[in-house]
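Overview (structure and organization)
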Amino acid sequence: MTGRGKTILMPAAIVVLSLCLYAPGLRNEFTFDDFPEIVDNPLIRDLDWGALWQAYLPGPGKVRPPGRFFPLLTFSVNYAVAGTEPFGYHLVNILLNGGVCLLVYLVGLELFPGEYRLSFLTALLFASHPVHSEVVAAAVGRSELLSSFCFLSAVLLYWRNTRGERAGWSAGYWFSVPLLLIGILSKATAWTLPLVAAVFDAYRFRPAPGRPRREYLPVFVYRLKKFYLPYCLVPAVILGLTAGMLPAREEMGSNYLVVLPFGGRLAAALGILARYLCLLVWPFRLSADYGYSHLSAAPSWLRAALAAGGAAAIAGGGALAWASLKRKGRYFLAVFIFAVNYLIISNLFFLINVSMAERLIYMASWGFCLAAALALESGFRRFGRGGRACLLVLVSAVLLAYSLRVLTRNRDWRDNFTLFAAAHRVCPTSCRVNYNLGLEYSRRGMPDRAIFHYGEAVRVLPWNPLYRLNLGEAYARKGDMGKAVEQFEEVVRLEPEEPGGYINLAAACNRMGLADRAIGSLLIARRLAPDDWRVYSNLGDSFRLRRELARAERAYETSLRGHPDDWQAWNKLGAVKLGLEKPREAVACFRRAIDCFPECKEAYNNLGLLYALSGEAEEAARAYRKALAIDPGFEKAKNNLNRLLGR
């Protein structure tokens, strides 16, 4: 290939490959963590930089923001352009990923000048690796993408603008400092830049044969004061400003390693390292969540084997890096790039709020791809024509397999249901996967499937009140009120100071006709949450069961002051007012129910009853027909209309 082809076609091919692989994801919806960070996040709607930044500063009353500073700003721009239409959010992610892949190629050329094939292979493997699908396909993967883009841009600027052993400051170097700031405020992995700069300098300024290493100590002292120190100050200042926002130990519920003693945590962390390496080598069983039970409840022999594999990987990587230092040091760089990016998320030295997730190794995989490319490049150099042809076939097969897996993985992220259905095939015992699948089946009106998956989550974590609460609600929707009450009673036992369990227990008791028991639960809930409108709505139901219509009226009115768009409460209040012989007020309530929910067939039916009682037959018939237009099988409206027409 000519020089022009190498400088233009190779980087273009890398970018085009990355864009083509993820372009099908432009049709995907929001999934999983996209909802709290984007769809339901008020911070992105006003572009209020001051409020966003203040949320990160420690102090009384400060609430942890749902997301990180600069990714949230980019989400704000997306929202200003097209609201919560997912297309724009996915488009930005795909473009950022293409930029990261290009930077992997450009940094490779700086590390290994003139070795286009090596840099090209590294970037191709990085661009096509399926383990990156989570970062690109999930809109909230913007954090990793933005941090990695800024990190690699800063590395490139540093390398190009500090070439001499005693180089001076330049504009290019100072441009890398704000990039570091943006990277850190996007994801903590960018903190490694000072160490990366020092190790990359050790590689490019390594002593020539015959020259003593001590001659280079003054060079690194000079560069420490000149270049590394400003890089170190940026994360130090940010850490000082935002220390109050770091999650407390008790907030790390997603990381089961938190509860383990040091020895157990070390063994588990080594096992997770082995799992990550397996995913990097064989990335065909991928999941949106690697849950507590999937990681911790594996057979003891498997956990021991994985821990031994993780320890062997560390020893082998260290040996490879050490042996490489005696030669060109290239494998040392590959091992270092993986290790420095992995250590932050490894749970080996300090805990983070998740035990394992594919998105965490996005930048670490650069080192893996570089090591694989170095091995392939060595083969291309050493083998004859036949060997090189076999290697070319192997590389093509791997890239094709990886690319096809990326395309199929994009479909997994189409929506929450496809995402967690795919995750369940890989991690069938994961609590979070089963819980989220239960939510999706509930939304689709499939209570039996929802009950199964909620039940699986409860089986693994029986002390989790949220899982039991949703299991109880699924039983209630199915009409199995006895089992619903059992689950709500467990919720109350697990969380006696939270009103939600009492409210749901009362609702189930009301449906069973146990008004007195429901009122007892609701009085406790009212003491815990006196302003919760759900308490009064359910009290209204209880008083209606006891035929205490005046008390029911007051309860519904109190509920509607807290939640004026509750169409069901308006309809029930109208029925109560009808019973209290307040027809005009009843009509107003039914009309309000219809305004809140135009498909409220019950309100139309009640309006028909009211008009029939007052002798307005035509209005009554019109109201019944409205109800039947909404639901042709609505028996109450059908019977009332037939009675009105004398059929």
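Per the secondary structure count, the chain includes 31 helices and zero strands. Along the three orthogonal principal directions, the C-alpha set of the chain runs to about 110 × 55 × 45 Å. Sorting the 647 residues of the chain into buried and exposed places 51% on the buried side. For the chain, the computed accessible surface area is about 29,800 Å², with 61% contributed by carbon and sulfur atoms. Looking at the chain, you have 75 positive and 52 negative side-chain charges, and the mean spots of the two groups are 12 Å apart.

To continue, consider the environment of Ala127. Relative to the helices and strands, Ala127 resides in helix α6 (residues 116–128). Since its relative accessible area comes to 1%, Ala127 is described here as buried. C-alpha separation for the pair Ala127 and Leu21, spaced 106 residues apart in sequence, amounts to 8.7 Å. What Ala127 contacts, discounting residues up to four positions off in sequence, is Ile14, Leu17, Ser18, Leu21, Tyr22 and Cys101.

For the coordinates displayed, the defined rule picks out 30 salt bridges. Its salt-bridge partner being Glu110, residue Arg163 comes within 3.2 Å of it at the nearest N-O pair. Of this pair, Arg163 sits in the loop between α8 (142–161) and α9 (171–184) while Glu110 sits in helix α5 (residues 86–111), and the two are 53 residues apart along the sequence. Given a relative accessible area of 13%, Glu110 falls into the buried group. The partner of Asp541 in a salt bridge is Lys572, and the shortest N-O contact between them spans 3.2 Å. Separated by 31 residues along the polypeptide, Asp541 in helix α25 (residues 533–545) and Lys572 in helix α27 (residues 567–579) bring together distant segments of the chain. Given a relative accessible area of 23%, Lys572 falls into the partly exposed group. When salt bridges that share partners are traced, they join Glu115, Arg117, Arg330, Glu377 and Arg381 into one network.

Take the layout of surface pockets next. Approximately 940 Å³ is the volume found for the second largest pocket. Lining the second largest pocket are 33 residues; nearest its centre among them are Arg511, Asn538, Asp541, Gln568 and Lys572. Counting only elements with at least two residues in the lining of the second largest pocket, the list comes to α21 (465–478), α22 (481–494), α23 (499–511), α25, α27, α29 (601–613) and α31 (635–644). Residue contributions to the lining of the second largest pocket peak at seven residues, all from α25. Across the lining of the second largest pocket, the residue classes break down as 13 nonpolar, nine polar and eleven charged.

Conventions we followed
- Residues numbered from 1 in each chain as written.
- Predicted model: local features only at pLDDT ≥ 70, side-chain atom pairs only at ≥ 80, totals over all residues.
- Heavy atoms only, no water.
- Helix = DSSP H or I, 4+ residues; strand = E, 2+ residues; numbered from the N terminus.
- Buried < 20%, exposed > 50% of the residue type's maximum accessible area, 1.4 Å probe, protein only.
- Areas by Shrake-Rupley, 256 points an atom, 1.4 Å probe, with all protein chains shown as cover.
- Lys, Arg positive; Asp, Glu negative; His and termini not counted.
- Charge placed at Lys NZ, Arg CZ, Asp CG, Glu CD.
- Contact = heavy atoms within 4.5 Å.
- Salt bridge = Lys/Arg side-chain N within 4 Å of Asp/Glu carboxyl O.
- 1 Å grid on protein atoms, 1.4 Å probe; cavity = no way out; pocket = protein on both sides within 12 Å on 5 of 7 lines; lining within 4 Å.
- Points joined across faces, edges and corners; volume = space filled by probe spheres on them.
- Nonpolar A, V, L, I, M, F, W, Y, C, P; charged D, E, K, R; others polar.

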